[in-house]
Amino acid sequence: MGYKITSSEERNEKATEYETKSMLYMMNYYNKADEIKWFAIDFFNDVTGINKYQDSCFDVQSKGVKDITPMLLGRYLVTLFKNYLSDFNFVDYILFIESVSETIRKEISSNVFVFNDLSEDIQNSIKDGLIDEANNKTYIEDKTLITTDNLDDFLKKVSFVIDNKTKEQYIKDAAELSDAVIIDNVYLRKIFKEIRDKQSSKKNNNCEGEILDSIGCFYRYDKYISKDEIQDLIVCRICFNSKFKNLKTVPQSFIKVINGIDETIIEERIEECQDAIFRLLSNKNNKKAYWELFSEINYVIKQNPLYDINSIYNAVDKKKISAVHHLDVISCKYFISLIKESLK
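Throughout what follows, the structure given in this document is the object of discussion. (Residues numbered from 1 in each chain as written. Predicted model: local features only at pLDDT ≥ 70, side-chain atom pairs only at ≥ 80, totals over all residues. Heavy atoms only, no water.)

Points about the state of the cysteines
For clarity, the threshold we go by: Here, the term disulfide refers to a pair of cysteine sulfur atoms separated by no more than 2.5 Å. Burial classes follow relative accessibility: with a 1.4 Å probe on protein chains only, a residue under 20% of its type's maximum area counts as buried, one over 50% as exposed, and anything between as partly exposed.
This structure, assessed with the given rule, holds zero disulfides. Left without a disulfide partner, C207 is nearest to the cysteine sulfur of C217, which lies 10 Å away. A relative accessible area of 4% means that C207 is categorised as buried. Left without a disulfide partner, C273 is nearest to the cysteine sulfur of C332, which lies 9.9 Å away. Residue class for C273 comes out buried when judged on its relative accessible area of 0%.

Written out as structure tokens, the structure is:
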């Protein structure tokens, strides 16, 4: 039995913002974040994390709604319940929300809670809301599956997450930056908007009504963003923000690289490195090669935190350095130093 894609939700700016927040939550704070390689966008749900083998899903429904009542909380679970009833392997179900009513709030002690944290009266209201919504939704075709056993098993697997962070905090935590890196909140919000717009663009790839035979079909419709892609974008924007102002500050790790060079030409070589990187960052016609190189360097640094600049350079694919055209050995090491000193 296949999986049929159905989406009928109304889109607005706040809803889109919460979809992006929910994706960044999965990247930064979710206890199984390390298992996620891709995020399917507006495909199985608002956001669905998928592992590298494409055989497990981590499902998220987001609702930017304040003071959600127990009954409404149940109604908002319906898309997650639909996926629970499918043949695909959905491992976890998360409802990511703005806030809950005082009735619920007084029974929970943190921003993440589960069904069993709530009183019996609230649990029953959630169940009633879910049952009513499931019976009304046409995409749950077999109503005989709306059983007490299925509902109870599903609700045991749901986590409720109340958003408690700013856009800026989501970006900072995703980047894993050094404490020495100072960046203003306006720029962090711009990065958040760039990710939100990138995520929203995936919704334009229409696949409504398609029947899927495997989880990996998300790849076919270009309805995904890789986790590494988001992290690279954030790190890159922060490393080289504010029109390259950081290029004029020579990284300490690079000074070790040029130690021993004739003092009369050191300043000239540094300026040549800065000019080369400026041209690299300004070249809009070679974005693909740039991102492949940046991603490679970022990956090597994170996998080998004790490597010095020369070791990182030696580990980077030299074809990717050649493809960007602007960097020689020394300017590439300068580029690596800028990235490394921005990271923890």
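Brief notes about the side chain of D59
Short version of the rule: Strands are runs of DSSP state E lasting at least 2 residues, helices are runs of H or I lasting at least 4, and numbering of each runs from the N terminus. In this charge count, Lys and Arg are treated as positive and Asp and Glu as negative; neither His nor the chain ends contribute. What counts as a salt bridge is simple: a side-chain nitrogen of Lys or Arg found within 4 Å of a carboxyl oxygen of Asp or Glu. Here a polar contact means two N or O atoms within 3.5 Å. Within protein one must be a hydrogen donor candidate and the other an acceptor candidate, and residues neighboring in sequence count only if both atoms are side-chain atoms. Contact between two residues is taken to exist if any of their heavy atoms lie within 4.5 Å; hydrogens are not considered.
Mapped onto the fold, D59 is located in strand 4 (residues 57–63). Within the buried set, D59 has no salt-bridge partner at all; the shortest N-O distance to an opposite charge, 8.8 Å, is to K82. For D59, the side chain forms a polar contact with the side chain of N83, separated by 2.7 Å. For D59, the contacting residues outside a window of four places in its chain are F44, N45, V47, T48, L80, N83, F90, D92, Y93 and I94.

With respect to the nonpolar core
Keep this limit in mind: Side-chain atoms within 4.5 Å link the members of a nonpolar core, which is a set of buried Ala, Val, Leu, Ile, Met, Phe, Trp, Tyr and Cys residues.
Counting 65 residues, the largest nonpolar core has L327 and F335 as its most contacted members. Not counting chain neighbours up to four residues away, the residues in contact with L327 comprise A276, I277, L280, L293, I321, C332 and F335. Counting 47 residues, the second-largest nonpolar core is a separate cluster that includes F43, L212, I215 and Y221.

Remarks on the sheet that holds strand 3 (residues 47–51)
Where we set the bar: Should DSSP find at least two bridges between two strands, the strands are taken to pair. Note on geometry: axes are C-alpha line fits, over the in-contact stretch for helices, and angles between N-to-C directions span 0 to 180 degrees.
With mixed pairing, the seven strands of this open sheet are ordered in space as 6-7-5-4-3-2-9. Only two strands of the sheet have a single neighbouring strand rather than two, namely strand 6 (112–114) and strand 9 (224–226). Averaged over neighbouring strand pairs, the angle between their axes works out to 25 degrees when direction is ignored. Pairing of strand 4 with strand 5 (residues 90–97), which is carried by seven bridges, proceeds in the parallel orientation. Among the inter-strand pairings, K63 is bridged to a residue of strand 5, identified as I97. Against the sheet, helix 1 (residues 13–28) contacts strand 2 (36–41), strand 3, strand 4, strand 5, strand 6, strand 7 (158–162) and strand 9, and its axis sits at roughly 145 degrees relative to strand 4.

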